[in-house]
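Observations on the model geometry
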Amino acid sequence: MRITELILHPIAISDPPLRSSYGLHAPFALRTIVELKTDSGLTGISETYGGDGPLAGLESVRQRVTGMDPFQLAGLYRDLQEEAASDTGAPSGPGDRSQTHLVPGENPLDRHARTFAAIEIACLDLIGKAVGKPVCDVIGGRVRDAVNFSAYLFYKHGGSDPWGEVLDAEACVRECRQMVAQYGFREIKLKGGVLEPDVEIASIRALRREFGSSYPLRIDPNCAWSVETSVRVGRELKDELSGGGYLEDPCATLEGMAQVRHRLLAENNRTPQASNVAVTSFADVPRARELDAVQIVLSDPHYWGGMRQLQHLSYLTGVLGMGLSMHSNSHLGVSLMAMTHAAAACPNLTYACDTHYPWQTAEDEVVAGGRIHFDHGAVRIPDKPGLGVDLDYDQVARGRERYGKIPYRKRDDEAEMRQRVDPNWKRVLPRW
Ligand code: GKR
Ligand code: MG
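1. What about the site of ligand 1?
As a structural note, the neighbourhood of ligand 1 is formed by 16 residues, with His 25, Tyr 152, Asn 222, His 327 and His 356 the closest of them. One nitrogen or oxygen atom from the side chain of Asn 222 is found 2.8 Å from an oxygen atom belonging to ligand 1. Here an oxygen atom of ligand 1 sits 3.1 Å away from a polar atom, N or O, in the side chain of Asn 276. When ligand 1 is considered free in solution it has 350 Å² of accessible area, and contact with the protein chains removes 100% of it. Counting only elements with at least two residues in the shell around ligand 1, the list comes to β7 (151–154) and β8 (188–191).

So, in structure tokens, the structure goes:
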């Protein structure tokens, strides 16, 4: 089997006015749908980041991929690693890779890993279709038939969406009730770093009161807090974040998170810390472990270099005695299925994965047959070869048309915040 054509579909999907320490989500999120046509008549698909940067990365491998055997992925990985090394002077050195000042997924240093991931996932879809097996069984076999996801809560402004304005603890509980009723999630994540820490503490407490201790809770302010504030929040939420919850990227840098960890440990508070900001590449993991800054690494097949790299990460974190969970960004069903297959084949990924899926709608879904179904908060591995989903080409065309109409080609939450909420807004770290 040989790849005969790489087709890229840049699309725009509506996104509610969600807040984070980065700013505000724009009315449309950008994604790219990738298709690989082959001489066997099979087509492989994947979904990745959108906009000019990711498209340019994919364009740059067009020639390399055309004519390639989709089973031969290691050679492509090596070529992109070599390019990354000549770009940065170091293959994957730690230090400047932190995403503290960048929206996750926008880190230019991850460019090659993201490009490889998008091609790898489409190739694995092809391989699965060629051998008649689901992708998770092609990459070594599943350890679970269904993957749990968490209710990913955001503070938000009101808009033309069914969630309303969420800017206090009470609204946060209402949002969570709505999401849990619709999807059946059993773990809860709150995107913090938006309101005064005391309001966010009150939100977590209110969620605990409403849902009880069988729903593990995590809070992620994307580095908005100082070490001092992080310690205070960790202290005040000691009970609420115990039993399977965690404190995610409370402050910037591994060194900062290490201080938080050691100060909490000194108070006999073992709340684990997770990261997708300070730990974004394999080279960061040993340092995070050495400092005991991060106990749970947040994987994501889109920027860690695909599904097989995620399995390596699963192995590495297992060896180092660290936990593994999964990060997400605004996405549709093709990404959701890639995340599900990857998580199903990572033995120590024991936390419910993040997903932004509830924030997207059926009108934008590009998967044939419509939205992916959640059963008690979990997505089942379909009994179909490959990723188990096909494209609805009318929907892809709709997404492309929207992409053509919007003026921006890069996610910029800070600019959006200035344009729609506060003309003087700046991302200040730490804010509190
Ligand atoms: O969608 O605003 C957002 C999130 O803040 C996202 O960009 C992050 O990547 O989900 C994220 C996280 O830091 O966990
Ligand atoms: Mg995070």
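2. A look at the sheet that holds β8
Pairing is parallel in the open sheet, where seven strands are placed in the order β7-β8-β9-β10-β11-β12-β13. The open sheet has two free edges, formed respectively by β7 and β13 (323–326), since each of these has just one partner strand. The sheet shows a mean angle of 25 degrees between the axes of neighbouring strands, taken without regard to direction. Relative to β8, β7 runs parallel, the two sharing four bridges. Residue pairing in the sheet places Leu 153 in a bridge with Leu 190 of β8. Sheet contacts for helix α7 (residues 197–211): β7, β8 and β9 (217–220); angle to β9, the most-contacted strand, approximately 160 degrees. Sheet strands in contact with helix α11 (residues 307–319) are β12 (296–299) and β13, and its direction is about 150 degrees off that of β13.

3. A few points about the confidence of the model for the protein
Predicted coordinates in areas of low pLDDT are best not read in detail. In this model, the protein carries a mean pLDDT of 96, and residues with pLDDT of at least 70 account for 98%. Across residues 90–95, confidence stays below pLDDT 50; counting only partners more than four residues off in sequence or on other chains, it has 10 contacts.

4. With respect to the coordination of the magnesium ion (ligand 2)
Taken together, Asp 220 (OD), Glu 248 (OE) and Asn 276 (OD1) make up the protein donors of the magnesium ion (ligand 2), found 2.0 to 2.2 Å from the metal. Each donor residue of the magnesium ion (ligand 2) lies on the same chain, and together they follow the pattern D-x27-E-x27-N. Separated by 28 residues along the polypeptide, Glu 248 in strand β10 (residues 246–248) and Asn 276 in the loop between β11 (273–275) and α10 (284–291) bring together distant segments of the chain. Assigned by exposure class, Glu 248 and Asn 276 land together as buried.

5. With respect to the sheet that holds strand β4 (residues 28–38)
Within the open sheet, the three strands sit side by side as β1-β4-β5. Their pairing is antiparallel. The two strands at the open ends of the sheet, each matched to only one other strand, are β1 (3–14) and β5 (43–49). Direction aside, the axes of adjacent strands within the sheet are offset by 20 degrees on average. Where β4 lies against β5, seven bridges are found, and the strand directions are antiparallel. If you follow Arg 31 over to β5, its bridge partner there is Tyr 49.

Scoring rules and cut-offs
- Residues numbered from 1 in each chain as written.
- Chains lettered and ligands numbered in written order.
- Predicted model: local features only at pLDDT ≥ 70, side-chain atom pairs only at ≥ 80, totals over all residues.
- Heavy atoms only, no water.
- Near = heavy atom within 4 Å.
- Polar contact = N/O pair within 3.5 Å; in protein donor to acceptor, adjacent residues only side chain to side chain.
- Areas by Shrake-Rupley, 256 points an atom, 1.4 Å probe, with all protein chains shown as cover.
- Helix = DSSP H or I, 4+ residues; strand = E, 2+ residues; numbered from the N terminus.
- Pairing = 2+ DSSP bridges.
- Axes fitted to C-alpha atoms, helices over the stretch in contact; angles between N-to-C directions.
- Contact = heavy atoms within 4.5 Å.
- pLDDT = per-residue confidence, 0-100.
- Donors = N, O, S within 2.8 Å, 3.2 Å for Na, K, Ca; no water.
- Buried < 20%, exposed > 50% of the residue type's maximum accessible area, 1.4 Å probe, protein only.

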